[in-house]
Amino acid sequence: MREIDTDVCVVGGGPAGLVLALLMLRSGARVTVLECARAHQRVVRGEILQPGAMELLDALDVLSGARARGAHEHHRFLVLEGERVLLEADYRLLPAPYDHLLSVPRPHLLDELLARCRRSPGFRYLPGWRAGGLLRRDERIAGVIADGPPGRCAVRARVVVGADGRFSRVRRLAGIGAGRAEAFAQDVLWCALTASPEEPPVRDVRVFRTGGGPVLVYGSWPNRIQIGWTLPHRRYGHLAALGLDHVKERLVRAVPRYATLIRDQIRTPADLGVLDVFSARAERWAADGLVLIGDAAHTHSPIGAQGINLAVQDAVVLHPLLTRALAEGDTSAERLAEFERRRGPDIAAVMRMQTLQSRAILSQGAFTTRVRPRLARALRRTPLYRKILQRMAYGNPSIRIADAGVCGRT
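Quick notes on the rules
- Residue positions are counted from 1 within each chain, in the order its sequence is given.
- The model is predicted, so local features are restricted to residues of pLDDT at least 70 and side-chain atom pairs to those at 80 or more, both for listing and for counting; the totals for chains, interfaces and linings are taken over all residues.
- The side-chain quantities take in all heavy atoms of the structure and omit both hydrogens and water.
- Where helices and strands are cited, they refer to DSSP runs of H or I of at least four residues and of E of at least two residues respectively, numbered from the N terminus.
- Within these notes, the globule rule equals 2.2 Å times the number of residues to the 0.38 power, and the radius of gyration is based on C-alpha atoms.
- The classification of residues rests on relative accessible area computed with a 1.4 Å probe and restricted to protein chains. Under 20% of the type maximum is buried, over 50% is exposed, and intermediate values are partly exposed.
- Residue contacts are defined here by distance: any two heavy atoms, one from each residue, within 4.5 Å place the two residues in contact.
- Here the open area of atoms and residues is found with the Shrake-Rupley method and a 1.4 Å probe, where only the protein chains shown may cover a residue.
- Two rings belonging to Phe, Tyr or Trp (six-membered ring only in the last case) form a pair when the distance between their centres is within 6.5 Å. Interplanar angles under 30 degrees mark stacking, angles over 60 mark edge-to-face geometry, and anything in between is tilted.
- Basic side-chain nitrogens of Lys or Arg form a salt bridge, by our definition, when they fall within 4 Å of a carboxyl oxygen of Asp or Glu.
- Two strands pair if DSSP finds at least two bridges between them.
- The arc in question is the one spanned by the directions pointing from the helix axis to the C-beta atoms.
- Helix axes use the C-alpha atoms of the stretch in contact, all axes being lines fitted to C-alpha atoms, and the angles between their N-to-C directions lie in the range 0 to 180 degrees.
- Working rule for angles: under 35 degrees goes down as roughly parallel, over 145 as roughly antiparallel, 65 to 115 as roughly perpendicular, anything else as oblique.
- We call a crossing left-handed when the near helix sits turned anticlockwise from the far one by less than a right angle, and right-handed when that turn is clockwise.
- Three residue categories are used. Nonpolar comprises Ala, Val, Leu, Ile, Met, Phe, Trp, Tyr, Cys and Pro, charged comprises Asp, Glu, Lys and Arg, and polar comprises the others, including Gly.
- For this text, the term disulfide refers to a pair of cysteine sulfurs within 2.5 Å.

Caption draft 1: Region of the structure containing the overall build of the chain. When its secondary structure is counted, the chain shows 13 helices and 19 strands. Here the C-alpha radius of gyration of the chain, 22 Å, is about what a compact globule of 410 residues would show, namely 22 Å. A principal-axis box enclosing the C-alpha atoms of the chain has dimensions of 65 × 50 × 40 Å. Looking at the chain as a whole, 56% of its 410 residues are labelled buried. Pairs at least 24 apart in sequence give 74% of the contacts found in the chain among residues at least 6 apart. Accessible surface, the chain: about 17800 Å² in total, of which carbon and sulfur atoms supply 52%.

Caption draft 2: A look at the packing of aromatic side chains. Under the defined criterion, the tally for this structure stands at 2 aromatic pairs. Taking 6.2 Å as the distance between ring centres and 20° as the angle between the ring planes, the aromatic pair formed by F123 and Y125 counts as stacked. The same class applies to F123 as to Y125, namely buried. Geometrically, the ring pair formed by W285 and F339 is tilted, given 5.5 Å between the ring centres and 50° between the ring planes. Here W285 is found in the loop between β16 (273-281) and β17 (286-287), whereas its partner F339 is found in helix α11 (residues 338-362), with 54 residues between them in sequence. On the basis of relative accessibility, which here comes to 1%, the residue W285 falls in the buried class.

Caption draft 3: The pattern of salt bridges, seen in detail. All chains considered together, the criterion is met by 24 salt bridges. Between E88 and R76 there is a salt bridge; the shortest N-O distance is 3.4 Å. Here E88 is found in strand β6 (residues 84-90), whereas its partner R76 is found in strand β5 (residues 76-81), with 12 residues between them in sequence. Residue R76 is classed as partly exposed on the basis of its relative accessible area of 22%. Where R92 meets D90, a salt bridge forms, and the shortest distance between an N and an O atom there is 2.9 Å. Looking at D90, the relative accessible area reads 3%, which means it is buried. Through salt bridges with shared partners, a single network forms among D5, D7, R30 and R158.

Caption draft 4: Layout of the pairing of strand β15 (residues 224-232). Burial analysis of β15 places 7 of its 9 residues in the buried class, the great majority of the element. The antiparallel pairing of strand β14 (residues 215-220) with β15 creates a hairpin that spans 3 residues between the two strands.

Caption draft 5: Spatial organisation of helix α7 (residues 244-254). Within α7 the residues assigned to the buried category are V247, K248, L251, V252 and A254. Projection of α7 onto a plane perpendicular to its axis shows the buried side chains occupying an angular sector of 160°, all on one side. The outward face of α7, more than 90 degrees from its buried face, is lined by the exposed residues D245 and R253.

Caption draft 6: Inspection of unusual backbone geometry at higher detail. With an omega of 5°, the peptide bond running from A96 to P97 counts as cis. Tracing the backbone shows P97 in the loop between β6 and β7 (101-103). Residue P222 is reached from W221 by a cis peptide bond, and omega for that bond is -5°. With respect to the element layout, P222 can be found in the loop between β14 and β15.

Caption draft 7: Quick look at the packing of helix α1 (residues 15-26) against helix α4 (residues 106-117). Where α1 meets α4, the closest approach of the two axes is 9 Å, and the angle between their N-to-C directions is 20°. Classified by the angle their axes make, α1 and α4 are roughly parallel. Viewed along their axes, α1 and α4 form a crossing whose handedness is left-handed. Of the residues in α4, those touching α1 at P15, L18, V19, A21, L22 and L25 are R106, L109, L110, L113, L114, R116 and C117. In terms of residue class, the contact of α1 with α4 is made up of 11 nonpolar, no polar and 2 charged.

Caption draft 8: Structural view of helix α2 (residues 51-59). Those residues of α2 that sit buried are P51, G52, A53, M54, L56 and L57. In the segment just after α2, D61 is the residue with positive phi, at about 65°.

Caption draft 9: Region of interest: the sheet that holds β7. An order of β3-β7-β4 is seen for the 3 strands of this open sheet, with the pairing classed as antiparallel. Each of the sheet's edge strands pairs with one partner strand only, and the pair in question is β3 (48-49) and β4 (72-74). Bridging between β3 and β7 involves 2 bridges; their strand directions are antiparallel. The residue of β7 that forms the bridge with L49 is L102.

Caption draft 10: Here's a closer look at the pairing of β6. The pairing of β5 with β6 spans 6 bridges and is classified as antiparallel. Of the residues in β6, the one forming a bridge with L78 is E88. Linking two consecutive strands that pair antiparallel, namely β5 and β6, is a turn of 2 residues; a positive phi of about 65° is found at G82 within it.

Caption draft 11: Local environment of the state of the cysteines. Per the counting criterion, the structure on display carries 0 disulfides. Between C36, a cysteine without a disulfide, and C9, which holds the nearest cysteine sulfur, the sulfur-to-sulfur distance is 13 Å. Note on C117: no disulfide assigned, nearest cysteine sulfur contributed by C9 at a separation of 14 Å.

Caption draft 12: Up close: the environment of A296. One can find A296 in the loop between β18 (290-292) and β19 (298-299). Since its relative accessible area comes to 0%, A296 is described here as buried. When the C-alpha positions of A296 and V161 are compared, they lie 9.8 Å apart, and in sequence the two are 135 residues distant. In contact with A296, other than residues within four places in its own chain, are G162, D164, G165, R166, S168, R171 and A282.

These results come straight from atomic positions and should not be treated as a statement about function.
Structure, rendered in structure tokens:
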């Protein structure tokens, strides 16, 4: 069996895994990334960057290259009922240059991160490989057994990082519970439509409140319209049983502006995708020789577009902790758990914020449709509005990229 020796084995080549890889390479570590996909062409709906993520990616000299590959700016996040604005987050009130949301196709961001990582001789990238097991030595995790096209490979590492998403295989192999909670009890039915080149791009991320459930709509590069219809948990099966045409007409009633595109471009059930919405926080984020980050450690609702923001910030927070742990030769569970102690309060705050946002979008009655819009307009004229907006956009504002440092090797 082929063997690879590395300092850090990152399982998962998404935003969290590749940002951490880049940071650790800058600190002198040897990094091997295992990514089960062969190319960055998987359909991934989460592509909106908050200002917090943009600022950190800019500091890594990644943002401009990703933008140059193609991106859309969005000025506001709106909750609408008919033509009436119920809630508004106007990102133009934030300081430039991060005074907007940015929709960047996931391949554009990942390809730019990967190109940066490949400049380092200490980087090894294994697309099409997945974690088949964990190597152990003296009761600690010491690497990964990887399954790939040529067979099996043993990646021996001083520390393994599970960055392989909300259904993390690494987390499961380590015997760590996912900590799933049905806080939202929702699913999202997704579709992507192609608009005519003549139609100007949509500059707002909009949520339309309808009798059949809220519908999220935003413009995506180059001329795509992303639509996400929020449904009660496991409800889509009942709708699908009534036939594809029934589902399409329900969508048309929710967002009539896109009726022609929906009827013409949704031709088979494969043109629709269902996202199981749940929140989760793993029972623990560290074991001896292992640490979890991103969705593998904590899973969130798509509400508020926090996914990439949290993934990038996780990597930035973990980087100096992991660099020091490697330099001092201590990758014990107690030492690596410092990441959860530092990052945990931020994650708890985001989960609380998403719960409030979900209630605001889903709630019914006169307060929601009449009183809350007036309160929101009054709030906009106060300093508290900018404070709330800043929190949504940046999360913990103290998160900054640490100096490179040095990783010692044994």
